[in-house]
4 protein chains.
Amino acid sequence: MIIVMNGKASEDDVEKVIQKLNKMGHKTHISRGEERIVIGIIGEIGNPSLVPLYAFEGVEKIIPILKPYKLVSREFKSKDTVIKIKEVIIGGKEAVIIAGPSIIESKKQIFDIALQVKSLGAKILRGSAFKSPASPYKLPELDEKKLKLLAQAGDKTGLLVVTEVMSADQIDLVDKYTDIFQVGAKNMQNFVLLKELGRIKKPVLLKRGISATLEELLISAEYIFSQGNHQVILCERGIRTFENYTLNTLDLSAVPALKILSHLPVIVDPSHATGRWKLVIPMSKAAIAAGADGLIIEVHTDPANSLSDGTQTLKIDTFTQLMKELKPLIQLRN
Amino acid sequence: MIIVMNGKASEDDVEKVIQKLNKMGHKTHISRGEERIVIGIIGEIGNPSLVPLYAFEGVEKIIPILKPYKLVSREFKSKDTVIKIKEVIIGGKEAVIIAGPSIIESKKQIFDIALQVKSLGAKILRGSAFKSPASPYKLPELDEKKLKLLAQAGDKTGLLVVTEVMSADQIDLVDKYTDIFQVGAKNMQNFVLLKELGRIKKPVLLKRGISATLEELLISAEYIFSQGNHQVILCERGIRTFENYTLNTLDLSAVPALKILSHLPVIVDPSHATGRWKLVIPMSKAAIAAGADGLIIEVHTDPANSLSDGTQTLKIDTFTQLMKELKPLIQLRN
Amino acid sequence: MIIVMNGKASEDDVEKVIQKLNKMGHKTHISRGEERIVIGIIGEIGNPSLVPLYAFEGVEKIIPILKPYKLVSREFKSKDTVIKIKEVIIGGKEAVIIAGPSIIESKKQIFDIALQVKSLGAKILRGSAFKSPASPYKLPELDEKKLKLLAQAGDKTGLLVVTEVMSADQIDLVDKYTDIFQVGAKNMQNFVLLKELGRIKKPVLLKRGISATLEELLISAEYIFSQGNHQVILCERGIRTFENYTLNTLDLSAVPALKILSHLPVIVDPSHATGRWKLVIPMSKAAIAAGADGLIIEVHTDPANSLSDGTQTLKIDTFTQLMKELKPLIQLRN
Amino acid sequence: MIIVMNGKASEDDVEKVIQKLNKMGHKTHISRGEERIVIGIIGEIGNPSLVPLYAFEGVEKIIPILKPYKLVSREFKSKDTVIKIKEVIIGGKEAVIIAGPSIIESKKQIFDIALQVKSLGAKILRGSAFKSPASPYKLPELDEKKLKLLAQAGDKTGLLVVTEVMSADQIDLVDKYTDIFQVGAKNMQNFVLLKELGRIKKPVLLKRGISATLEELLISAEYIFSQGNHQVILCERGIRTFENYTLNTLDLSAVPALKILSHLPVIVDPSHATGRWKLVIPMSKAAIAAGADGLIIEVHTDPANSLSDGTQTLKIDTFTQLMKELKPLIQLRN
């Protein structure tokens, strides 16, 4: 951490900051420029961000040097984290395709979709098991029947399954049926939920919040990691910007950037990022070319009769086309 | 809701959309322009957003006409909602000042601050009762001792108190001590928490998420409202933009805009919005001038020895100055 | 400027960076933390930002310490810049109101508006003198007749006038008629135009670009200033964010922030920032309470028959109301 | 265009809006919902956006149905625009690589780089011919010697050249030396410059402004197009968001989105978008996979002794690696 004193700071001001830092156990180092004095903290024991430095006269700017996360950083562990669930490997050579409907609607629906996406090469089945879409007028209750259907569709087809959990008290129920827990973008900073997921033994697919920086995403991953669960999969799913042709702006630079900053696998959700099914094929290809370890795609066998609006849903023929176009890109990856 | 068919849509495409809508119970109305055909849905019974229209050929754009919230809208209730807690009125003629430290640290700290801010005109005491600041390495646990201190400081001084709740399972504990529940920006879309707060009988101070639109803030308020709790106080606390001189960008237009869209009271948090104590006085004044029903301000009697970094904390002398400068503005309001 | 070397940088890497800096004339200072080595540049002669440091091994981050502008900074000149044009003072005790139509349409229109806003207390008349609104199909040509009408309306009423200039070759023509040159948000980084305006002897009202940081606005002001024209008026007019209820997000924190960073006067344009006439009164009041030196407001005597869409235009009765409500706020300022 | 009347609008309010529209030559069509009356304008002759509808009572919202550009739209011309300059084809089967330094520094520098990038497969040489980088203290003057060197390096190697033009009065000079004019992001809405470029007979590479929507980029292209120059190349180069690990956020969805909306070729600048050379390879690959017609890349043979900071500059070995990794992706494209 570096403290920049403003141009008018006196020697006394500098002295007081140093005394405060020393008193709290931090060693310091002074660098005198011609227009600014800079105080460095050597060896950041404890958390210097908790020192109330802005309360001191003459402090202009405080600049962190170290990153606010550790265990999930590439510096801490240089080798890629590879997550193995049964026969499926995430973060390895092969990019993994996760596919399925927005919402689980019926046995026929989820089984049909599972069979189709499995036969086309998907390895994991997705689907939300909530009773109804989020609405101000109904509680977001989990429907155990839907969870069962998802698990059965997975068993039947040999697909792993992933489904969303929205609060800590839902973890036990979801745990009975899922292979991977999904944390939605809105819950990326639901720290109570993250902590509890840190205590289970299953992988967590952690979606980036729509206005979260990469640093904040990694801090959220650190919450899970620090409790002992090292199976975290990061997911870029679009950030909120002024552009409104797309639902959000898919930040694909996040893929190589997260790979530089962290050892965790990174997947991409082009469906919710763009909110337009016509953009899903090109952005899926771009994600794989950028180095993503996988994709999570919304697919439906009969979107015209589904319960979601279909804006970003691929039909089976489009998903078939996607898988065909992805194949050579996935091969280039190896 | 209006469905715009693209320039190449056939009569058959139009027909299929209309049939689907009719089948789901929606009446329609067609308007034929020279370059586009527009289908209107008359009387939006049920939720037309759940019709999977993008799965149909020829659909270019779907434009909602009605707002996605109802109970909290000005249209539903034209009179301002006024919230009365003991002797304090929020949303009435007088602007209400909420003040206090970031974190409750000790009996002396919270009592000192309470006495000072009370004597300077604050009506409500704020303070977080968590054991430690949010960190990846410790659970965000509530500290009942801190809650007690807060309640005692309130009793002693005659101030109401407000404190944050981060998950539904903390509601009962917090309820024993607080007058007002605060939902932080990170939890604005924690729908489980919102729903549960909808079932209690105390006011909820709902902070806007840093990337939430006004519409989304009002939808979150609707979650609480629809469960029966009509005492919701909206709080603008800065949104995330590219500007980085300030921590966030205080969106003061939100104050009159929310007053047009909704009947709920609106307060402003200039401390966390700007992240710079030097900006707190001018932005507090601006907020009142813009029509805010109150302010929530971070104040500490001894910031140099506090547990937060002090970036946005007012010392007592600055808070005194603020209250003095606010006085004529608050009078103009009446 | 501070160069942070990454955790794996060798002594040799550090040495090479220092040699490069020394060779280019910069003195350095090393600070060795436990996990990072930090190199400071002492006395930033020349422009160290032009040293290609990222081309060197081991460089993790380069952090500027000094600001990228000088002449317009508060540090360079601590006293407020006060601009006096005839009897009007901008940046002094009194807040100045600039008002007028979007586009000059006819003699009757501009004279009517001028008389009305003058009688209600405005000091400066605004109006665009372009032949037609910006459109892909017609060149944005200045209409000298409109410029003349503006100047005449100013003369007749005793109002100063301000009008926009869009390129360097329009300066001479505009100079014949205007008291103040306006640079629109889209031209904030039209450096050729800024430089040329730096060579004239009239004040320049410089609007912030919709995605410009405060730092960039001040750099643009520095372009004008460094050529010798010290009469620059900064104007906050809203930035582009994800919020879409308002046209842009009025960043009122910019007012006190610019006052801290710079000695230049700061005015606010609530009309174009919000794009909604209903928000103009509250945001005007908020701007003055935040410390703005003036306002620029779109007003029309007959908006239903004007050439612009009227979204943000005040009618005379609303402008009358605005001036009445502003009065006590402007008095508080003194 | 659709006009939504608010819930309280009277029949009289509706009538007045219709009369105004009729008077201005627009035919209308009314659609009565249960809670809203919607007025549609049939056949948008003239420009209905110029009708001052917000000045009328009862108008809640005005929603455009048609796009604000025409000639550059896919609807107007369904076939891809292919630009052929000598032997180079932009917008055809093959993706085109543009490479070169940030600034032209010397004959040796530009010739060395030209030879290297040519031998590695680039087709076009880029380089800025300004005397010095943009700075508040020096005018952005073109250096004709640099323009000559660029043209000579192009001739010698058989590369086409592209260089930036910053104002209309520089067009003639640049025209003597360049094959393609580049309009920088800061000038995307310099309408005077765009119009003049619409009158020349050479291709224009138009960069998206850092806070421009796709719609605004296409409107800017329409400015050039409508003057008669149909050779416009769109360039995505990153938009400004809150994320700060990258310089800007590369919006790759813009590539397929622009291909849907327009017939113009689209290239990508991963260097300035990310501002980090380590991200240039993955984002270049992603851009091609997303369907980009080409890339513009910053390359230097000796970045440690260049005049720019090297943050995003590829060295020759990295550019070699890039071209190797791009090859199979470019082949997949055909």
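See the structure shown above.
Residues numbered from 1 in each chain as written. Chains lettered and ligands numbered in written order. Predicted model: local features only at pLDDT ≥ 70, side-chain atom pairs only at ≥ 80, totals over all residues. Heavy atoms only, no water.

## Examining the interface of chain D and chain A
Right, on to step 1. Taken together, the contacts link 34 residues of chain D with 34 residues of chain A.
Right, on to step 2. Taken together, both faces of the contact between chain D and chain A bury some 2,600 Å²; the carbon and sulfur share is 76%.
Right, on to step 3. Considering only the surface of chain D that becomes buried against chain A, Phe242, Tyr245 and Ser253 of chain D emerge as the three largest contributors, covering 21% of it.
Right, on to step 4. At the boundary of chain D with chain A, the tally comes to 2 salt bridges.
Right, on to step 5. Taking the shortest distance from any N to any O, the salt bridge between Glu243 of chain A and Arg208 of chain D comes out at 2.8 Å.
Right, on to step 6. Between chain D and chain A we count 4 residue pairs in polar contact (both at pLDDT 80 or more) in total.
Right, on to step 7. Secondary structure elements with two or more residues in the side of chain D that touches chain A: α7 (254-261), α9 (280-289) and α10 (316-333) of chain D.
Right, on to step 8. In terms of residue class, the side of chain D that touches chain A is built from 21 nonpolar, 7 polar and 6 charged. (Contact = heavy atoms within 4.5 Å. Buried area = accessible area lost by both parts, 1.4 Å probe. Salt bridge = Lys/Arg side-chain N within 4 Å of Asp/Glu carboxyl O. Polar contact = N/O pair within 3.5 Å; in protein donor to acceptor, adjacent residues only side chain to side chain. Helix = DSSP H or I, 4+ residues; strand = E, 2+ residues; numbered from the N terminus. Nonpolar A, V, L, I, M, F, W, Y, C, P; charged D, E, K, R; others polar.)

## Brief notes about the sheet that holds strand β10 (residues 180-183) of chain A
Residues and elements named next belong to chain A.
Right, on to step 1. Ordered by their spatial adjacency, 8 strands build a closed barrel running β7-β8-β9-β10-β11-β12-β13-β14, and the pairing between neighbours is parallel. Direction aside, the axes of adjacent strands within the sheet are offset by 25° on average.
Right, on to step 2. Relative to strand β13 (residues 266-268), strand β12 (residues 232-236) is paired through 3 bridges, and the arrangement is parallel. Note that in β13 the partner of Leu234 across the bridge is Val266.
Right, on to step 3. Taken strand by strand, helix α9 (residues 277-289) contacts β13 and β14 (294-298), and its axis lies near 165° from that of β14.
Right, on to step 4. Helix-sheet contacts for helix α10 (residues 316-333) involve β7 (96-100) and β14, and the interaxial angle to β7 is about 170°. (Pairing = 2+ DSSP bridges. Axes fitted to C-alpha atoms, helices over the stretch in contact; angles between N-to-C directions.)

## A look at the pairing of strand β10 (residues 180-183) of chain D
The two faces of a sheet get side chains in turn, since along a regular strand they alternate between them.
Residues and elements named next belong to chain D.
Right, on to step 1. Residue alternation in β10 divides its side chains into two sets, Ile180 and Gln182 and Phe181 and Val183, and both sets are buried.
Right, on to step 2. Two elements, strand β9 (residues 160-164) and β10, share 3 bridges in a ladder whose sense is parallel. Across the sheet, Val162 pairs through a bridge with Ile180, a residue of β10.
Right, on to step 3. Pairing analysis gives 3 bridges linking β10 to strand β11 (residues 204-207), with the strands arranged parallel. By the bridge assignment, Phe181 is partnered in β11 with Val204.
Right, on to step 4. Note that the unit made of β10, helix α5 (residues 191-197) and β11 has a crossover that is right-handed. (Buried < 20%, exposed > 50% of the residue type's maximum accessible area, 1.4 Å probe, protein only. Right-handed = clockwise from strand over helix to strand, strands pointing away.)

## Considering the packing of α9 of chain A against α7 of chain D
Right, on to step 1. α7 of chain D packs onto α9 of chain A with a crossing angle of 135° between their chain directions and a minimal axis gap of 9 Å. Relative to α7 of chain D, the element α9 of chain A lies oblique. The two elements α9 of chain A and α7 of chain D meet at a crossing, and its hand is right-handed. Contact residues: α9 of chain A offers Lys278, Leu279, Pro282 and Met283 of chain A, while α7 of chain D offers Pro256, Ala257 and Ile260 of chain D.
Right, on to step 2. Per-class residue counts for the contact of α9 of chain A with α7 of chain D are 6 nonpolar, no polar and 1 charged. (Parallel < 35°, antiparallel > 145°, perpendicular 65-115°, else oblique. Left-handed = near helix turned anticlockwise from the far one by under 90°.)

## Describing the relation of the copies chain D and chain A
Right, on to step 1. With an RMSD of 0.0 Å, the operation that places chain D on chain A is a rotation of 180° combined with a shift of 0.0 Å along the axis. The transformation just described matches what one would write down for a two-fold rotation axis. Within chain D, the C-alpha atom positioned nearest to the axis of rotation is that of Ala286 of chain D, 2.0 Å from it.
Right, on to step 2. Both copies share a contact surface, since 100% of the interface residues of chain D are interface residues in chain A too. (Least-squares fit on C-alpha atoms with pLDDT ≥ 70 in both.)

## A short note on the pairing of β12 of chain A
Residue and element names in this part refer to chain A.
Right, on to step 1. Burial within β12 is extensive, with 5 of its 5 residues counted as buried.
Right, on to step 2. Residues Val232, Leu234 and Glu236 line one face of β12 and the alternating positions Ile233 and Cys235 line the opposite face, and both faces are buried.
Right, on to step 3. Looking at chain direction, strand β11 (residues 204-207) and β12 are connected through 4 bridges and run parallel. Directly across from Leu205, in β12, lies its bridge partner Ile233.
Right, on to step 4. Following the backbone out of β11, through helix α6 (residues 214-226) and into the adjacent parallel β12, one traces a crossover that is right-handed.
Right, on to step 5. Viewed along the sheet, the connection from β12 through helix α7 (residues 254-261) into β13 turns out right-handed.

## Quick word on the packing of helix α6 (residues 214-226) of chain B against helix α7 (residues 254-261) of chain B
Residue and element names in this part refer to chain B.
Right, on to step 1. The geometry of α6 relative to α7 is characterised by a closest axis approach of 11 Å and an angle of 50° between their N-to-C directions. By the angle between their axes, α6 is oblique relative to α7. Both α6 and α7 take part in a crossing whose hand is right-handed. Each of Leu214, Leu217 and Leu218 in α6 lies in contact with α7, whose residues at this interface are Ala254, Ala257, Leu258 and Leu261.

## Some points on the relation of the copies chain C and chain D
Each of the two copies of the chain can be brought onto the other by a rotation about an axis and a shift along it.
Right, on to step 1. Mapping chain C onto chain D is achieved by rotating through 180° and translating by 0.0 Å along the same axis, at an RMSD of 0.0 Å.
Right, on to step 2. Both copies present the same face, since 100% of the interface residues in chain C are matched by interface residues at the equivalent positions in chain D.

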